[in-house]
Amino acid sequence: MQVERYRKNFAIERRHFCTRMTVIFEQWVNYWTIGLLTVIIVIVYVYVKRHHSYFQKMGIPYIESHILVGNRGPVVFKQRSLFDHSQVLYNSIPDAKYVGIYDFAIPAILIRDVELIKDVGVKHSENFLNHKILSDPQLDPLFANNLFNLQNDKWRKMRALLTPAFTSSKMKMMFDMITKCATDFADFIEKQSPIVVDVKDGFARYTNDVIAGAAFGITVNSMKERNNEFYLMGKEATTSGFVELMKMILYQASPTLAKKLKANVVSHRAVNYFCNIIESTIATRKTQGIQRSDMIQLLMEAKDSGDKLDLTIEDITAQAFIFFFAGFDTSSSTMSFAAYSLATNPEIQKKVQAEVDDILKKCNGKVTYEHLKEMKYLEAVVSETLRLYPAAAEIDRVCSKTFELPPARPAARSVTVKPGTVILFPVYAIHRDPQYHPNPDKFDPDRFLNENEKINPLAYFPFGLGPRYCIGTRFALMEVKLVLFYLLMQCNFEPCEKTTIPMKFSTANFLPRPLNGHWLKIVPRKGIKRL
């Protein structure tokens, strides 16, 4: 009995001992873990604080920032949209020509003065030629190798090679193809009306069909064939959410780590799909002797000549894919905001429709490229849409040659900007600045038609500026105006219960989106002959 009791007591004590040792070990581990984390946080904090003395040393007025998120915290934590927050940053130090901010962990100079923006972006553009590098060419061949992201001489050569594909004469050649897409789309919508719809989805499908024809040489109808592979793959490849943004930020902060983690923005499946389309298109054209006046033809000839660029199939696909990156979401967004602006301003919509009707009478229903150019009020509507809702909140440049900025304030000293420094032009905030645009939040196309009070060209740059000005501007404007023309010819845009009035941007997207989506009601025009 005593032995048995001893054994039981020993077992109990052993369990208690093990329990105590486990608790001690867990506390020890927790203490070490907490201590290690504390040390890491302190090191990061000290590093960041020292790093943040960057602007003090340069003598640049700056906005207080936070660890890791920099001055983008309200955007990351979805307190403000990127566009609204960019405006807040712009207005934070109103007496300075430029201010220092942290674009997440990257220091950047946000230029507020439009004359200085012209100096940096146009006059001295050779010192600020490139955009930020957002991805690795091996990880992201379509994203990193397209015209927008190419650097220095590679960009110059590719820009020179592609420019002939976007001249007025080439736009005229593409006009009939885009008109077919626009009339097919308008015809589909008119047959469905009256209808309450998120117009962004429809316009994205129309834009997809235009890109398919103009850049890839294939024909699709994404309204009738809603799940066609080209549309689904294009949408997948151009999705720009939080994860994709984090990958791009990671690459800026640590390219080596981004490569090790294989942080690609565009999926390998999408890369293979579009490369196969281009390869098949090139093979068919060569086999059948097909010649077209488009971008692919220019790139094919350059590849065969071998005297301009050493082009691969991936390089050619990357340039065709610029239509997706630069046009798929941005153009459809412009169309959606234009429709919203007309729906919430019916008197302006009637004026556009009157112009549409006049042109139709003049051309007997056969609209040409020249007729579209005559439509000054429609053009003003699109321009005003781009002023209020530009595709980008900010445009970036990276300093490549040492440059001296004038003093940020009258009593300050000039600032020497070194290579690698990021410069930001706050497009959205300048477009909404009452100093340049009276009553800036009002949708007023007449501001672009008033000869006595002309828009300051330095305070309006939705397509960028300088040598990096968007190469596809003519193309984008043509596809936007054509689809609006054919829709307004047959339909009216009206607000519905889901329409966001007044406009408030969603904090869930990094591109401009209404809080509730682009919901509108589309109804047929009364007394108008259908297409």
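Remember, predicted model here, so these are calculated numbers, not experimental data.

**Looking at the UniProt feature "binding site: heme" (unreviewed entry) in the protein chain**
The UniProt feature table records "binding site: heme" (unreviewed entry) at Cys470. Of note, Cys470 is situated in the loop between helix H20 (427-431) and helix H21 (473-490). Setting aside residues no more than four positions away along its own chain, Cys470 makes contact with Arg159 and Phe463.

**Examining the sheet that holds strand E7 (residues 422-425)**
What the 4 strands build is an open sheet, ordered E1-E2-E7-E4; its pairing is mixed. Looking at which strands have only one partner, the edges of the open sheet turn out to be strand E1 (98-103) and strand E4 (395-398). Between one strand and the next, the sheet's axes are offset by a mean angle of 30°, whatever the strand orientation. Where strand E2 (residues 106-111) lies against E7, 3 bridges are found, and the strand directions are parallel. By the bridge assignment for E7, Ala108 is matched with Val422.

**What to know about helix H7 (residues 152-162)**
Listing the buried residues of H7 in full gives Trp155, Met158, Arg159, Leu161 and Leu162. The arc enclosing the buried residues of H7, seen along the axis, measures out at 160°, which places them on a common side.

**Remarks on unusual backbone geometry**
Cis rather than trans, the peptide bond between Ser193 and Pro194 has omega equal to 5°. Within the secondary structure, Pro194 is located in the loop between helix H8 (168-192) and strand E3 (195-198). Cis geometry marks the peptide bond from Ile501 to Pro502; its omega dihedral reads -5°. By the secondary structure assignment, Pro502 is in the loop between strand E8 (491-494) and strand E9 (519-524). Of note, Lys78 is a non-glycine position whose phi angle comes to about 60°, a positive value. With respect to the element layout, Lys78 can be found in the loop between helix H3 (73-76) and helix H4 (82-92). Take Lys78: its relative accessible area is 51%, and that puts it in the exposed class.

**Some details on the pattern of salt bridges**
A full pass over the atoms with the stated rule returns 21 salt bridges. Of the charged contacts, one joins Lys172 and Glu370 as a salt bridge, the two residues approaching to 3.2 Å between their closest N and O atoms. Taken together, the residues span a long stretch of sequence, with Lys172 in helix H8 and Glu370 in helix H18 (residues 369-374) at a distance of 198 residues. Given a relative accessible area of 42%, Lys172 falls into the partly exposed group. Relative accessible area serves as the criterion here: at 40%, Glu370 is assigned to the partly exposed category. The salt bridge partner of Arg525 is Asp357, with a shortest N-O separation of 2.9 Å. Pair noted here: Arg525 is in the segment after E9 and Asp357 is in helix H17 (residues 346-363), with a separation of 168 residues, a long-range link. Taking the relative accessible area as the measure of exposure, Arg525 reaches 10% and is therefore buried. Counted as one network, the salt bridges with shared partners bring together Arg72, Asp103, Lys132 and Glu394.

**What about the packing of aromatic side chains?**
On inspection of all chains with the given rule, the structure shows 21 aromatic pairs. Centroid distance Tyr54 to Phe55: 5.1 Å. Interplanar angle 80°. Geometry classified as edge-to-face. Overall, the relative accessible area of 24% leaves Tyr54 in the partly exposed class. Aromatic pair Phe185 and Phe203: ring centres 5.6 Å apart, planes at 40°, arrangement tilted. You can see Phe185 sitting in helix H8 and its partner Phe203 sitting in helix H9 (residues 199-216), a full 18 residues away along the chain. Residue Phe185 is classed as buried on the basis of its relative accessible area, which comes to 5%. What links up through ring pairs into an aromatic cluster is the set Phe83, Phe337, Tyr389, Tyr428 and Phe505. Here Arg112 stacks its cationic end above the ring of Tyr90, 4.4 Å away from the centre of that ring.

Reading the values: rules and limits
- Residues numbered from 1 in each chain as written.
- Predicted model: local features only at pLDDT ≥ 70, side-chain atom pairs only at ≥ 80, totals over all residues.
- Heavy atoms only, no water.
- UniProt positions renumbered as here; feature names shortened; annotations may be inferred.
- Helix = DSSP H or I, 4+ residues; strand = E, 2+ residues; numbered from the N terminus.
- Contact = heavy atoms within 4.5 Å.
- Pairing = 2+ DSSP bridges.
- Axes fitted to C-alpha atoms, helices over the stretch in contact; angles between N-to-C directions.
- Buried < 20%, exposed > 50% of the residue type's maximum accessible area, 1.4 Å probe, protein only.
- Arc of directions from axis to C-beta.
- Salt bridge = Lys/Arg side-chain N within 4 Å of Asp/Glu carboxyl O.
- Phe/Tyr/Trp six-rings, centres within 6.5 Å; stacked < 30°, edge-to-face > 60°.
- Lys NZ or Arg CZ within 6 Å of the ring centre and 35° of its normal.

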